[in-house]
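# Inside the fold
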Amino acid sequence: MGPGGHRLWGGFPGNNDSWWSDAGCAQVSTTLCDVLKLVLPVTARPAPQNVSSVPGRWEFVTTYGMWPGGQQALHFDPTRCFWQICLTGCDEAFLQVGKVVKRYVEGDMVAFDASYDHSVWVRPGAKIPRIVLHGSLHYCQGGYS
């Protein structure tokens, strides 16, 4: 894992949406975790069996990092909604979803359906790693599908 990889909430094992990592929160921001605890989960409960039974389709919040020159290969995930907020190293970092490529902007949120092919990379000449706050939800808008 790249720099800044700290699970804050939820996910494995077993779609546990009441689990919080005190250690992860202490390393990233206790204030951020205190605020997120007031709103997560944001999707309806209980999750339908056809959603919760899909392997790897968890709801969670974590930080992900990538070193300069790093790239994650084009892939897809079973999750219908990923959201990210770039925290640092954004100017030389990119996100591709389908054929659309966007440069990360510090502090801006991006959300996309992760069941479409997507990739991220950081230019080799970047001076610092890219770090994002990353969330995985069952859906971004609407309802379960």
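Our subject is the structure listed above.
Described in the following lines is the structure provided in the data block. (Residues numbered from 1 in each chain as written. Predicted model: local features only at pLDDT ≥ 70, side-chain atom pairs only at ≥ 80, totals over all residues. Heavy atoms only, no water.)

So, about the pairing of strand β9 (residues 130–137). In terms of residue burial, β9 counts as a mostly covered element, since eight of its eight residues are buried. Relative to β9, strand β2 (residues 60–66) is paired through seven bridges, and the arrangement is antiparallel. Across the sheet, M66 pairs through a bridge with R130, a residue of β9. (Buried < 20%, exposed > 50% of the residue type's maximum accessible area, 1.4 Å probe, protein only. Helix = DSSP H or I, 4+ residues; strand = E, 2+ residues; numbered from the N terminus. Pairing = 2+ DSSP bridges.)

As for its position among the elements, C25 is in helix α1 (residues 22–28). For C25, a relative accessible area of 4% translates into the label buried. For the pair C25 and S53, spaced 28 residues apart in the sequence, the C-alpha separation amounts to 28 Å. The residues touching C25, leaving out its near neighbours within four places in the chain, are L8, W20, T30 and C33. (Contact = heavy atoms within 4.5 Å.)

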